[in-house]
Amino acid sequence: DVKVTQSSRYLVKRTGEKVFLECVQDMDHENMFWYRQDPGLGLRLIYFSYDVKMKEKGDIPEGYSVSREKKERFSLILESASTNQTSMYLCASSPAGHPNYGYTFGSGTRLTVV
Amino acid sequence: QKEVEQDPGPLSVPEGAIVSLNCTYSNSAFQYFMWYRQYSRKGPELLMYTYSSGNKEDGRFTAQVDKSSKYISLFIRDSQPSDSATYLCAMSSEVREKLTFGTGTRLTIIP
């Protein structure tokens, strides 16, 4: 069964901390994405990557960075966590050139910044 | 104005009813359309995919795309309590392009 695995289901961090959210996929997908999901706002794209060591800004990149050193791993970094970054974070992957497969999502990490 | 608009609901219907979920969009370049289902405390999962206009059926689910009206729909026949979830529409203009999601409609099927 294909999988996108996010390292933590729940995280509580303090304001100002540097936070790492890890995502690993086992499907050899080229594309990987980080979204945050908030009530009433839906899914908003933070960063995405179409290949190793490549990254592109999504709609709300401020306060975040990413790293993709290996094809299967895409990390989201909150440089200095703030309370407005409390959210559900979803990682997804997809194969290049096959939109019919859609995105495969992880189960999400619910991050609370206090 | 958002590129993709979706009624957030919540929507409650009795078991066995036909459910209609809808999205409108403003970008005429969109040509890849999807519906995702998201259960509580889970990530979204792909339910239906449609390219360009037309209908697609898969079991109790039918996806419709009307590009002239910039309107897509998902119909669920003989709805079941297990269909209770949030349904998100998503679309893109190019194969390589990132998806734009609707905000999701929360659906509850009442036994």
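Before reading on, note that the structure itself is shown above.
The following paragraphs examine the structure supplied in this document. Think of each chain on its own: its residues are numbered from 1, step by step along the sequence as written. Each chain is given a letter, starting from A, and each ligand a number, starting from 1, according to the order in which they appear as written. For a predicted model such as this one, the threshold for reporting local features is a pLDDT of at least 70, and the threshold for listing and counting side-chain atom pairs is 80 or more; totals across whole chains, interfaces and linings nevertheless cover every residue. Hydrogens are left out, water is left out, and the side-chain values use all remaining heavy atoms of the structure.

### Concerning the interface of chain A and chain B
Put simply, the rule reads: Working rule for contacts: check all heavy atoms of both residues, and any pair within 4.5 Å makes them a contact. As a working definition, buried area equals the accessible area (1.4 Å probe) given up by two parts on being put together, with both sides summed. Whenever Lys or Arg places a side-chain nitrogen within 4 Å of a carboxyl oxygen from Asp or Glu, that contact is recorded as a salt bridge. N or O atoms closer than or at 3.5 Å make up a polar contact, with two conditions inside protein: a donor-capable atom paired with an acceptor-capable one, and, for residues adjacent in sequence, both atoms drawn from side chains.
Counting residues at the interface gives 24 residues for chain A, matched by 19 residues for chain B. Interface area, chain A with chain B, both sides summed: about 1,700 Å², of which 60% is carbon and sulfur. Scanning the region where chain A abuts chain B turns up zero salt bridges. Where chain A packs against chain B, one counts four residue pairs in polar contact (both at pLDDT 80 or more).

### Here's the deal with unusual backbone geometry
All names here are of chain B. Using the following cut-off: Per the convention used, a helix needs a DSSP run of H or I reaching at least four residues, while a strand needs a run of E reaching at least two, with both numbered from the N terminus. Accessible area is worked out with a 1.4 Å probe on protein chains only. A residue is then buried under 20% of its type maximum, exposed over 50%, and partly exposed in between.
Despite not being glycine, arginine 41 shows a phi value in the positive range, around 65 degrees. Among the structural elements, arginine 41 can be located in the loop between strand 4 (32-38) and strand 5 (45-51). With a relative accessible area of 57%, arginine 41 lands in the exposed category. Notably, aspartate 78 is not glycine yet its phi reads approximately 45 degrees, a positive angle. One can find aspartate 78 in the loop between strand 8 (71-76) and strand 9 (85-92).

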